[in-house]
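The residues making up each chain are set out below.
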Amino acid sequence: MGKASRKRQEQRARRTTLAASTEVNSVGDPRTLGEEALARLFRSNAPERLSLAGAYAFGYGELRYKQQEGTDPDWYQELDPLDALFLGTAWPRTFSCAFEFANARDAWLRVLRGTVHEKGVQCFVREAVTASEQLGLPVDDGKLMLALTGRLEAAGLDQRRLPRKLLPAVSLQGCRAVFGPSLDLRLPAPPKDTKERLKQFWKAMEKEPYANDTPRAILRDGLRRFREADLPVKTECGTLLPALYSALMAKPGEFLENMGEHAWAWALSLDEASTLVPVLDILLIAPELQLSVTDTLGRLFAVPAFTEPIPSAAMIWTSSPGLALPRLAFGLGMSEVSTRRKALTPDLLDWAGMHARMRLTATARALDADLEEAGSADSTDATPDESDEESAKRRDAVRKAVLRKVRKKPGVAADTNHRSDRPVERIWNADGSSVIRFATDSPHGQIFKEGMEAQQALFRQKFGRDPGPDDPLFFDPDADEPTPITKQLFDDVLLDMAERAEEVGIDPAFLLAWREVGYVVTEENRSMFTTAEVLAFTRAVTRHRQATG
């Protein structure tokens with residue numbers, strides 16, 4: 001080891017020791033360490049000469065300034081430390097909405113893959129989660145985010161500068177996740193038997209009660225739902241992408257008028273290496289090219305991925321703040337990330353994404369009238385020499401044109417197949433909250449009623465009183481006070497049941513899949529889940545069957 005390397009290592013060790021001792025004295029008041037670190041990082045960094053620690057300082061400073069001024073968008077309340085870091089690298093750029101921000105963040109993180117800075121981001125994530133655990137604060141709590149600033153120097157994240165080519169202003173120029181498919185995209189020619197395929201496509205739409213796992217079948221299901229909502233599915237190609245999203249990803253509480261925006265965000269969120277991207281790019285660009293539904297479907301028939309299983313990674317919502325940090329943390333082997341809303345585990349990440357998109361959209365509904373007025377502007381013709389800013393404006397006009405296609409039924413929820421005779425039913429609200437209703441006059445409903453009564457009896461036996469409105473009905477049997485059953489305990493119970501499942505005639509893969517994804521899908525409760533959730537569960541069952549052979 002050279003003298004310079006040894007000196008840097010010794011300096012880093014001294015900083016770590018100093019930070020550790022300071023941390024002990026500042027746990028009660030984390031502002032001190034953080035404020036001092038902020039001042040140092042502001043002095044030693046500049047917008048185009050940023051370390052990861054400096055980028056975080058800039059992002060945190062921007063977040064706090066906007067909040068103090070009262071000019072922060074609603075979605076700033078959803079940001080966590082990794083979001084703040086990206087915000088700092090992109091400063092002074094602003095984002096039109098939370099979905100654009102999150103897609104740009106994820107695209108930037110993909111740019112860092114394979115570089116030395118990817119390890120820096122991983123170190124940042126570890127520091128954030130560790131600080132959360134040590135201080136007993138959610139990772140997105142304001143005090144935690146300030147205290148984290150004081151730890152980054154000790155972790156060495158102030159030493160290496162991000163080269164200009166890796167900053168978002170350069171690395172995301174023309175990026176699909178931000179600006180949509182390339183203007184030079186050449187669509188495939190429809191196959192010769194397109195006419196027959198179209199005939200079979202529309203005919204099959206009348207028959208399939210549930211979609212299989214190909215984009216073609218799921219799109220058919222979505223178009224059937226849209227047709228039942230009186231949307232022009234055969235004349236407006238702008239309905240195709242929202243229909244695919246609706247049948248695959250949407251919760252019943254999501255309004256049809258929001259499907260365009262959610263579908264657009266989801267389609268752009270995918271890694272460009274995903275096999276589904278060629279399908280989505282056709283759906284994204286078709287309205288801009290003013291293609292007919294027939295022509296659009298014909299070109300989709302020419303893409304192999306249209307008739308292949310949808311990749312599992314494409315069925316997870318990532319286009320919201322607060323999702324990248326826990327996703328990376330779980331990839332690094334961490335089992336839990338505490339947030340202000342909920343302690344997240346790997347099986348809850350997609351649940352968190354669903355709630356985030358619905359919560360953000362519900363908050364923004366008051367601005368819909370302004371968005372509708374802005375969306376009335378015609379899109380402008382693009383030229384090969386247009387700037388990224390001009391391209392973004394043009395893409396935004398196209399996006400809003402897609403939005404208008406599905407706004408003909410304002411206030412109508414996506415659950416167009418609602419039936420009141422389901423034995424088990426989840427009633428969804430537009431903000432992602434829900435309640436479960438069981439028909440007690442059905443056999444399954446009666447079983448559920450008896451189970452709830454038995455659980456209440458166990459509660460009374462354990463605690464000597466009836467459960468109150470804030471008490472967990474399913475509680476930790478070893479706790480002295482009503483305490484929700486932990487995920488670890490529940491997982492252990494499922495694992496134990498799986499080991500003895502065959503003795504009672506139950507498929508152990510069914511229980512292991514439940515343990516993996518966090519929910520169980522049956523014929524009776526299938527309507528409570530999205531197609532993506534059903535596919536995730538069934539694929540987990542298949543994997544565990546193959547593993548246990």
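These numbers come from a predicted model, not from an experiment. (Residues numbered from 1 in each chain as written. Predicted model: local features only at pLDDT ≥ 70, side-chain atom pairs only at ≥ 80, totals over all residues. Heavy atoms only, no water.)

Chemist: Which parts of the structure should I look at to understand the overall build of the protein chain?
Modeler: From N to C terminus, the protein chain includes 23 helices and four strands. By residue count, 49% of the 549 residues in the protein chain fall in the buried class. Contacts in the protein chain between residues far apart in sequence, at least 24 positions, make up 66% of those at least 6 positions apart. (Helix = DSSP H or I, 4+ residues; strand = E, 2+ residues; numbered from the N terminus. Buried < 20%, exposed > 50% of the residue type's maximum accessible area, 1.4 Å probe, protein only. Contact = heavy atoms within 4.5 Å.)

Chemist: I tried to follow the packing of helix α21 (residues 487-499) against helix α22 (residues 508-517) on my own but got confused; where do I start?
Modeler: Helix packing for two helices is described by the angle between their axes and how far apart those axes are. One way to put it is that α21 packs onto α22 with a least axis distance of 8 Å and a crossing angle of 170 degrees. With respect to each other, α21 and α22 are oriented roughly antiparallel. Together, Lys487, Phe490, Asp491, Leu494, Leu495, Met497 and Ala498 of α21 and Pro508, Leu511, Leu512, Trp514 and Arg515 of α22 make up the contact between the two elements. By residue class, the composition of the contact of α21 with α22 is nine nonpolar, no polar and three charged. (Axes fitted to C-alpha atoms, helices over the stretch in contact; angles between N-to-C directions. Parallel < 35°, antiparallel > 145°, perpendicular 65-115°, else oblique. Nonpolar A, V, L, I, M, F, W, Y, C, P; charged D, E, K, R; others polar.)

Chemist: What should I look at first to understand the pattern of salt bridges in this one?
Modeler: Should the charged atoms of two oppositely charged side chains come close, the side chains can pair. If you walk through the whole model with that rule in mind, you get 27 salt bridges. For the salt bridge of Glu78 with Arg341, the shortest nitrogen-to-oxygen distance reads 3.3 Å. Taken together, the positions of Glu78 in the loop between α3 (52-69) and α4 (81-90) and Arg341 in the loop between β1 (337-338) and β2 (343-344) put the pair 263 residues apart, joining distant regions of the chain. The buried category is assigned to Glu78, whose relative accessible area is 12%. (Salt bridge = Lys/Arg side-chain N within 4 Å of Asp/Glu carboxyl O.)

Chemist: Mind showing me how you'd approach the environment of Phe301 here?
Modeler: Positionally, Phe301 belongs in helix α15 (residues 293-301). Counting along the chain gives 113 residues from Phe301 to Pro188, while the straight-line C-alpha distance between them is 9.1 Å. Those residues in contact with Phe301, other than ones at most four positions away along the chain, are Pro191, Thr194, Arg197, Leu198, Phe201, Arg216 and Phe306.

Chemist: Help me understand the packing of aromatic side chains, please; the structure alone is not making it clear to me.
Modeler: Within a pair of aromatic rings, the relevant descriptors are the distance that separates the centres and the angle that separates the planes. Per the stated rule, a full pass over the model turns up 21 aromatic pairs. With centroids separated by 5.2 Å and ring planes inclined at 85 degrees, the aromatic side chains of Phe201 and Trp202 adopt a geometry described as edge-to-face. With relative accessibility at 1%, the residue Phe201 sits in the buried group. Given the relative accessible area of 16%, Trp202 is considered buried. Taken together, Trp75, Tyr76, Phe86, Phe95, Phe101 and Trp108 form an aromatic cluster joined through their ring pairs. Here the basic side chain of Lys342 rests over the ring of Trp351, its NZ or CZ set 5.2 Å away from the ring centre. A cation sits over an aromatic face here: Arg357 above Trp317, 5.0 Å from the ring centre. (Phe/Tyr/Trp six-rings, centres within 6.5 Å; stacked < 30°, edge-to-face > 60°. Lys NZ or Arg CZ within 6 Å of the ring centre and 35° of its normal.)

Chemist: Can you help me understand the packing of helix α14 (residues 277-289) against α15 in this one?
Modeler: Orientation of α14 relative to α15, taken along the N-to-C sense of each, is 165 degrees, at an axis distance of 10 Å. One way to sum up the angle between α14 and α15 is to call them roughly antiparallel. The two elements α14 and α15 cross, and the hand of that crossing is right-handed. Between α14, through Val279, Ile282, Leu283 and Ala286, and α15, the contact on the second element is made entirely by Thr296, Arg299 and Leu300. Residue composition of the contact of α14 with α15, by class: five nonpolar, one polar and one charged. (Left-handed = near helix turned anticlockwise from the far one by under 90°.)

Chemist: So what exactly am I meant to see when it comes to a nonpolar patch on the surface here?
Modeler: There is a patch of nonpolar side chains on the surface, built from Phe474, Ile485 and Phe490 and spanning about 250 Å² of accessible area. Along the chain, Phe474 turns up in the loop between α20 (443-463) and α21. (Patch = residues over 30% accessible without salt bridge, like charges linked within 9 Å, V, L, I, M, F, W, Y side chains within 5 Å. Areas by Shrake-Rupley, 256 points an atom, 1.4 Å probe, with all protein chains shown as cover.)

Chemist: Looking at this structure, how should I read α4?
Modeler: Every α-helix carries 3.6 residues per turn, so stepping three or four residues along brings you back to the same face. Burial analysis of α4 places ten of its ten residues in the buried class, the great majority of the element. Regarding α4, the residues found buried are Pro81, Leu82, Asp83, Ala84, Leu85, Phe86, Leu87, Gly88, Thr89 and Ala90. Between a side-chain oxygen at the N-terminus of α4 and the backbone nitrogen of Leu82 the separation is 3.1 Å; the capping residue is Asp80. (Polar contact = N/O pair within 3.5 Å; in protein donor to acceptor, adjacent residues only side chain to side chain.)

Chemist: I keep staring at the nonpolar core and nothing clicks. Help me out?
Modeler: Generally speaking, nonpolar side chains in soluble globular proteins are found buried as a group. Leu219 and Trp266 are the most contacted members of the largest nonpolar core, which totals 120 residues. Leaving out residues up to four positions away in the same chain, Leu219 has contacts with Phe201, Leu240, Ala243, Leu244, Leu297, Leu300 and Phe306. Listed in part, the twelve residues of the second largest apolar core include Tyr519, Val520, Phe529 and Ala540. (Core = buried A, V, L, I, M, F, W, Y, C linked by side-chain atoms within 4.5 Å.)

Chemist: Quick question: what am I supposed to make of unusual backbone geometry here?
Modeler: Generally, phi is negative for residues other than glycine and the peptide bonds are trans, each holding for most cases. In this structure, the amide linkage connecting Trp91 to the following residue, Pro92, adopts the cis form with an omega of 10 degrees. Locating Pro92 in the fold gives a position in the loop between α4 and α5 (98-111). Phi angles above zero are rare outside glycine, and Asp230 is one such case at about 65 degrees. When its relative accessible area of 58% is taken as the criterion, Asp230 is described as exposed. Despite not being glycine, Gln290 has its phi angle at roughly 55 degrees, a positive value. Within the secondary structure, Gln290 is located in the loop between α14 and α15. Gln290 gets classed as exposed once you look at its relative accessible area, which sits at 73%.

Chemist: For this particular structure, what's the right way to read the side chain of Asn103?
Modeler: Tracing the chain through its elements places Asn103 in helix α5. By relative accessible area, Asn103 is classed as buried at 3%. Ignoring any residue separated from it by four or fewer positions in sequence, one finds Asn103 in contact with Ala177, Ala265, Leu268, Ser269 and Ser319.

Chemist: Looking at this structure, I do not really get helix α23 (residues 531-548). What am I missing?
Modeler: The end-to-end C-alpha distance of α23, which contains 18 residues, comes to 26 Å, matching closely the 26 Å that a straight helix rising 1.5 Å per residue would cover. Within the sequence span of α23, burial applies to Thr531, Ala532, Glu533, Val534, Leu535, Phe537, Arg539, Ala540, Val541 and His544. Against α11 (215-228), α12 (240-248) and α22 lie the buried residues of α23. Phi turns positive, to about 45 degrees, at Gly549, one or two residues after α23. (Expected span 1.5 Å × (residues − 1).)

Chemist: How should the environment of Thr32 be read in this particular structure?
Modeler: Here Thr32 lies in helix α2 (residues 31-44). Considered as a pair, Thr32 and Leu146 are 114 residues apart in the sequence and their alpha carbons are 9.1 Å apart.

Chemist: How should the environment of Ser320 be read in this particular structure?
Modeler: Inspection of the secondary structure assignment puts Ser320 in the loop between α15 and α16 (324-331). Each C-alpha atom, one on Ser320 and one on Trp75, is 9.0 Å from the other, the two residues being 245 residues apart in sequence. The residues touching Ser320, leaving out its near neighbours within four places in the chain, are Phe99, Ala102, Arg105, Gly353, Ala356, Arg357 and Leu360. Side chain to side chain, Ser320 and Trp317 meet in a polar contact 2.8 Å long.

Just geometry here; none of it tells us what the structure is for.
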